[in-house]
Amino acid sequence: MPRDLESEKATLESLPSLSKESEGSSPQDPRPLYFRPTEVMAPKYKKMKDLHPYSLLLSSDDLDDCDWLEHAAFEPHEAATREKLDYRLHVCGELCTGIYTSSYATSPAPLGPLILSRTFPSTDSADSDRKKVLLGHIIATKHSAPLVTEESMDFPKDWREKYQMTPTTGHNEDGKTICLHSLGVHPSFQGRGLGKVLLEGWCQRMRDSGVGKRIALICHEKFIGFYESAGFKKVGESKCTYAGGGWFDMVLDFESAKQELDY
Ligand SMILES: CC(C)(COP(=O)(O)OP(=O)(O)OC[C@H]1O[C@@H](n2cnc3c(N)ncnc32)[C@H](O)[C@@H]1OP(=O)(O)O)[C@@H](O)C(=O)NCCC(=O)NCCS
């Protein structure tokens, strides 16, 4: 047996043997630990467990929800306008994702007053009372530059009349950089792991789908650690002056994740 397998075998042999009666079973709850899901669940999932979140691709049909969420999550000067969201959802909704929960307005837990705050779409036509509630979203486009630029954040104002596949402003279908413009979670549901789960699931989908070579974004200093924990690397101060500037470039490179980036 090779040396590393020898050491793994020794490690396995030193572990206690598996038993249906877990040592952790308490007199109050005689069930073995693995029948008690809240106790084995990772903390971030525990915090979101009542929400049963699920993800869906976004499209122009979701404009009202995304506009509402964007303006709830971001400061007014940072939020994308409804027109910009309309453009992005229309031309590249497949690069965008929403994280949802379902609820009935008549039995509002676990959403509380949020479910009554506006009209949400129904989950399906067979059960119109069951609402699909957007709790977070990611809105992205593609661009040819390796980092997020002012042009990538803008959009061609005549896109409805003169749609171009590869404009220099806005979404460029041939671009190799996926630009993450908005990651927002509704303020009432922040800090439960939704943002991280949404970001990591979306990054995995972007990587697996092969639609780009990297993901780039700009963020304020306080979010650098959040993005680093999802695998992004800080490139440096961004040249973007959007919403007053003060941004940092972050990149998740699919092809050279372990190499030094040179931008
Ligand atoms: C940033 C945002 C999407 C995070 O979503 P969230 O659901 O609240 O975050 P999570 O609960 O998944 O937190 C995941 C981790 O990030 C950390 N984190 C969350 N918000 C943070 C912040 N503002 N600063 C630093 N760390 C933060 C959490 O502590 C947590 O760490 P842990 O895994 O070690 O426990 C959310 O706070 C938000 O929508 N903010 C307003 C919009 C915004 O500014 N978006 C970022 C644009 S660059």
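The chain is annotated in an unreviewed UniProt entry as Acyl-CoA N-acyltransferase from Clohesyomyces aquaticus.

**Structural notes on helix α5 (residues 82-92)**
The buried count for α5 comes to eight of 11 residues, which makes it a mostly enclosed element. Those residues of α5 that fall on the buried side of the exposure criterion are Lys84, Leu85, Asp86, Tyr87, Arg88, Leu89, Val91 and Cys92. Turning to α5, the residues buried within the fold contact α4 (63-73), β4 (127-143), α6 (150-153) and β5 (177-185).

**Considerations on the site of the ligand**
The local shell around the ligand holds 18 residues, among which Val185, Gly191, Gly193, Gly195 and Lys196 are the closest. Gly191 places a polar main-chain atom, nitrogen or oxygen, 2.8 Å from an oxygen atom of the ligand. Its free accessible area being 900 Å², the ligand has 68% of it covered by the protein chains. The cavity where the ligand resides is the largest pocket. Listing elements by their share of the shell around the ligand, those giving two or more residues are β5, α7 (194-209), β6 (214-219) and α8 (224-228). Residue classes in the shell around the ligand are distributed as 10 nonpolar, five polar and three charged.

**A closer look at the pairing of β5**
Each regular strand displays side chains that alternate between the two surfaces of the sheet. The buried count for β5 comes to nine of nine residues, which makes it a mostly enclosed element. With eight bridges connecting them, β4 and β5 associate as antiparallel partners. Bridged to Ile139 within β5 is Ser182. Note that β5 and β6 share three bridges and pair parallel. Bridge pairing in β6 links Cys179 to Ala216. A crossover links β5 with its parallel partner β6, the connecting element being α7, and its sense is right-handed.

**Concerning the side chain of Arg88**
Here Arg88 lies in helix α5. The side chain of Arg88 is buried and forms no salt bridge, while Glu70, the nearest opposite charge, is found at 6.0 Å. Other than its neighbours up to four places away in sequence, Arg88 contacts Ala80, Gly93, Ile139, Thr141, Ser152, Met153 and His181.

**What to know about the environment of Phe74**
With respect to the helices, strands and loops of the structure, Phe74 is situated in the loop between α4 and α5. Note: C-alpha distance between Phe74 and Pro187 (113 residues apart in sequence) is 9.1 Å. Not counting residues up to four positions away in its chain, the partners in contact with Phe74 are Ala79, Ser182, Leu183 and Gly184.

**Points about the pattern of salt bridges**
According to the stated counting rule, one finds seven salt bridges in the structure shown. For Asp86, the salt bridge is made with Arg160, and the minimal N-O distance between the two is 2.3 Å. Placement of Asp86 in helix α5 and of Arg160 in the loop between α6 and β5 is noted, with a sequence separation of 74 residues between them. Using a relative accessible area of 15% as the deciding quantity, one classes Asp86 as buried. Judged by relative accessible area, which is 52%, Arg160 ranks as exposed. In this structure, Lys157 and Asp154 form a salt bridge, with 2.8 Å as the shortest nitrogen-oxygen distance. Judged by relative accessible area, which is 30%, Asp154 ranks as partly exposed. One continuous salt-bridge network, built from bridges that share partners, spans Asp64, Asp67 and Arg82.

**Quick word on unusual backbone geometry**
Phi angles above zero are rare outside glycine, and His52 is one such case at about 45°. Topologically, His52 is positioned in the loop between α3 (43-48) and β1 (54-57). Since its relative accessible area comes to 61%, His52 is described here as exposed. Residues other than glycine seldom take positive phi values, yet Ala243 does so here, at roughly 50°. Taking relative accessible area as the criterion, Ala243 reaches 25% and is therefore assigned partly exposed.

Conventions used here
- Residues numbered from 1 in each chain as written.
- Predicted model: local features only at pLDDT ≥ 70, side-chain atom pairs only at ≥ 80, totals over all residues.
- Heavy atoms only, no water.
- Buried < 20%, exposed > 50% of the residue type's maximum accessible area, 1.4 Å probe, protein only.
- Helix = DSSP H or I, 4+ residues; strand = E, 2+ residues; numbered from the N terminus.
- Contact = heavy atoms within 4.5 Å.
- Near = heavy atom within 4 Å.
- Polar contact = N/O pair within 3.5 Å; in protein donor to acceptor, adjacent residues only side chain to side chain.
- Areas by Shrake-Rupley, 256 points an atom, 1.4 Å probe, with all protein chains shown as cover.
- 1 Å grid on protein atoms, 1.4 Å probe; cavity = no way out; pocket = protein on both sides within 12 Å on 5 of 7 lines; lining within 4 Å.
- Sits in = over half its atoms within 2 Å of the grid points.
- Nonpolar A, V, L, I, M, F, W, Y, C, P; charged D, E, K, R; others polar.
- Pairing = 2+ DSSP bridges.
- Right-handed = clockwise from strand over helix to strand, strands pointing away.
- Lys, Arg positive; Asp, Glu negative; His and termini not counted.
- Salt bridge = Lys/Arg side-chain N within 4 Å of Asp/Glu carboxyl O.

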